[in-house]
Amino acid sequence: MNVVIAAGGLGTRVAGWSPILPKELRPVEGRPGLLHILDEAAAIGATRAVVVHHPYYTALTDWTRQVIAPGALARYQELADQPVDRRIPADGLRVDFIAQRGRYADVTSALNGAQHLRSGDICLAFGDNVDPSHTALSGLVTAATPGTPAVLASPFDIKAAASHGVIICAGTGPVRTMAGLIEKPGPAHAAQLAADHGPDNLRLLQGRMRLTAGLVHYLSRASRLAAAEPKVSLALAAYARHHRVEIVTHSGPMIDLGTPDPVEAAAAELASASSRRTHISGRTPAAIPPPGGDPGRGDGGLASVAAHRPTPRSSSVCGAPAHTRQRGDQQGVQPLHHENQVTNDPS
């Protein structure tokens, strides 16, 4: 099974540096996050991976392809007079880079990647969600029923619910089925979900999925018919109304590369406070990017449990006002009003 890495975002939550470096190359434990995901792909025996990136970063892909090629690290180590490590798990993996084509959405990244690989049976990994243990994909593939769509999820945490899709689970045991999904509920809604279903029957959606040909076909159709920006999470929940979608629980850390680190967050808060004081004094405040929210994010809001607590982002609520987005080379007016809740009958 091969892997599509959705990396179509612009990283606007870390806009201080993401115009220069895609967030997928942000270091985690001394290595770019993308390399950790490629090691995950190698761990499930994949022979190919395709990285679907935003067109803004096209100029960087030649360099990235060169430095992750088999033997590239060894050549660097020789030049730097460092011990040479020639045992790189991902060295046997063919990695392609393609620019995202079509309407900006995580669904588009999945469909572009599946078309490039000429296969509907793929694993989908969101490029800004990194598992340093490299076990997320292998845990998903090993635990789920062969030929069945499945997603990775972490145990429910009410404090993190506002930045995740919250899954309502049916069944018992280590592998559950999806009975519903609520996209990024607010604190009161999350508390009500816990009261109604019990925390043990709730999970937080993580950035790893196994797609089947049938599900890819459904996503393609849903993308064409959607008036708003389609989201993988909500399309998956709608698919689960009539098809089995399995939930595999993963308790390991998942790092969100689009989350500002504490120093960045503190600097942003100081700048915001300074702006407020300047505004009160009657002087024109400096332009400061708004905190939170990431319209350039290619995971469609599938933020993961981060090394640092992520900034909560607002729910996608049915009937919310339409607004526009512009993202580098992909510009257009998109009405962003879609339901944030899809539930099924657990029976």
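The structure contained in this document is the topic of the report that follows. (Residues numbered from 1 in each chain as written. Predicted model: local features only at pLDDT ≥ 70, side-chain atom pairs only at ≥ 80, totals over all residues. Heavy atoms only, no water.)

The next thing to look at is the packing of aromatic side chains. Tallied over the entire structure, the rule returns two aromatic pairs. When the centroid spacing of 5.0 Å and the interplanar angle of 85° are considered together, the rings of Tyr56 and Tyr57 count as edge-to-face. (Phe/Tyr/Trp six-rings, centres within 6.5 Å; stacked < 30°, edge-to-face > 60°.)

With that out of the way, let us pick up empty space enclosed by the protein. Enumeration according to the criterion identifies one cavity of 30 Å³ or more in this entry. Within this model, the largest cavity holds a volume of roughly 120 Å³. Every residue along the wall of the largest cavity is listed here: Ala7, Pro22, Glu24, Leu25, Leu34, Val51, His53, Tyr57, Leu60, Thr61, Thr64 and Phe97. Of all the secondary structure elements, the ones that give two or more residues to the lining of the largest cavity are strand 4 (48-53) and helix 2 (58-67). When its residues are assigned to classes, the lining of the largest cavity shows eight nonpolar, three polar and one charged. (1 Å grid on protein atoms, 1.4 Å probe; cavity = no way out; pocket = protein on both sides within 12 Å on 5 of 7 lines; lining within 4 Å. Points joined across faces, edges and corners; volume = space filled by probe spheres on them. Helix = DSSP H or I, 4+ residues; strand = E, 2+ residues; numbered from the N terminus. Nonpolar A, V, L, I, M, F, W, Y, C, P; charged D, E, K, R; others polar.)

Turning our eyes to something else, we now look at the packing of helix 4 (residues 106-117) against helix 7 (residues 213-225). Their axes nearest at 10 Å, the elements helix 4 and helix 7 cross at an angle of 130°. Our classification of the angle between helix 4 and helix 7 gives oblique. As helix 4 packs across helix 7, the resulting crossing turns out to be left-handed. Contact residues: Val107, Leu111 and Ala114 in helix 4; Val216, Leu219, Ser220 and Ser223 in helix 7. Taken together, the residues that form the contact of helix 4 with helix 7 break down as five nonpolar, two polar and no charged. (Axes fitted to C-alpha atoms, helices over the stretch in contact; angles between N-to-C directions. Parallel < 35°, antiparallel > 145°, perpendicular 65-115°, else oblique. Left-handed = near helix turned anticlockwise from the far one by under 90°. Contact = heavy atoms within 4.5 Å.)

To continue, consider the pairing of strand 4. The element strand 4 is extensively covered by neighbouring structure, given that six of its six residues are classed as buried. By the bridge criterion, five bridges tie strand 1 (residues 2-7) to strand 4 in an arrangement that is parallel. By the bridge assignment for strand 4, Ala7 is matched with His53. Inspection of the sheet shows strand 4 paired to strand 5 (residues 94-99) by six bridges, in the parallel sense. Each residue of the ladder has a partner; that of Val50, found in strand 5, is Asp96. (Buried < 20%, exposed > 50% of the residue type's maximum accessible area, 1.4 Å probe, protein only. Pairing = 2+ DSSP bridges.)

Our focus in this paragraph is the pattern of salt bridges. As enumerated under the stated definition, the model contains eleven salt bridges in all. When the shortest N-O distance is used, the salt bridge between Lys23 and Glu24 registers 3.8 Å. Like Lys23, the residue Glu24 is buried in the burial classification. (Salt bridge = Lys/Arg side-chain N within 4 Å of Asp/Glu carboxyl O.)

A few words on the nonpolar core. Counting residues in each nonpolar core, the largest one holds 34 residues, and the members touching the most others are Leu124, Val151, Ile167, Met178, Met209 and Leu211. Among the elements that take part in this core, helix 8 (residues 232-239) stands out by supplying six residues, more than any other. Aside from chain neighbours lying at most four places away, what touches Val151 is Leu140, Ile167, Met178, Leu205, Arg208, Met209, Leu236, Glu246, Ile247 and Val248. Counting residues in each nonpolar core, the second largest holds 24 residues, with Ala41, Ile44, Ile68 and Leu93 among its members. (Core = buried A, V, L, I, M, F, W, Y, C linked by side-chain atoms within 4.5 Å.)

Quick look at helix 5 (residues 136-143) now. Here helix 5 has its buried residues at Ala136, Leu137 and Leu140. Projected down its long axis, helix 5 carries its buried residues within an arc of 95°, all on one side. Buried residues belonging to helix 5 abut strand 1, helix 1 (33-43), strand 6 (122-126), strand 8 (150-155), strand 11 (202-211) and strand 12 (246-249). (Arc of directions from axis to C-beta.)

What follows is about the side chain of His54. Here His54 is to be found in the loop between strand 4 and helix 2. In this structure His54 comes out as buried when scored by relative accessible area, which is 0%. Within polar-contact distance, the side chain of His54 engages the backbone nitrogen of Tyr56 at 2.9 Å. (Polar contact = N/O pair within 3.5 Å; in protein donor to acceptor, adjacent residues only side chain to side chain.)

On the secondary structure map, Pro55 appears in the loop between strand 4 and helix 2. Sequence spacing of Pro55 and Ala99 is 44 residues, and the spatial spacing of their C-alpha atoms is 5.1 Å.

As for its position among the elements, Pro32 is in strand 3 (residues 31-32). A residue is classified by how much of its surface remains accessible, and Pro32, at 29% relative accessible area, is partly exposed. For the pair Pro32 and Val130, spaced 98 residues apart in sequence, the C-alpha separation works out to 9.7 Å. Filtering out sequence-adjacent residues up to four positions away, Pro32 remains in contact with Glu24, Leu25, Arg26 and Pro27.

Right, let's talk about unusual backbone geometry for a bit. The backbone of Glu29 shows a phi angle near 55°, a positive value even though the residue is not glycine. Inspection of the secondary structure puts Glu29 in the loop between strand 2 (27-28) and strand 3. Residue class for Glu29 comes out exposed when judged on its relative accessible area of 65%. The residue His134 is not glycine, and still its phi comes out positive at about 60°. Residue placement: His134 occurs in the loop between strand 7 (129-130) and helix 5.

Here we take up the packing of helix 7 against helix 8. When two helices pack together, their arrangement is given by the angle between the helix axes and by the axis-to-axis distance. Running from N to C, helix 7 and helix 8 point in directions that differ by 115°, and their axes come no closer than 10 Å. The two elements helix 7 and helix 8 cross, and the hand of that crossing is right-handed. The residues of helix 8 that touch helix 7, namely those facing Gly214, Leu215, Tyr218 and Leu219, are Ala235, Leu236, Ala238 and Tyr239. A class-by-class count of the residues in the contact of helix 7 with helix 8 yields seven nonpolar, one polar and no charged.

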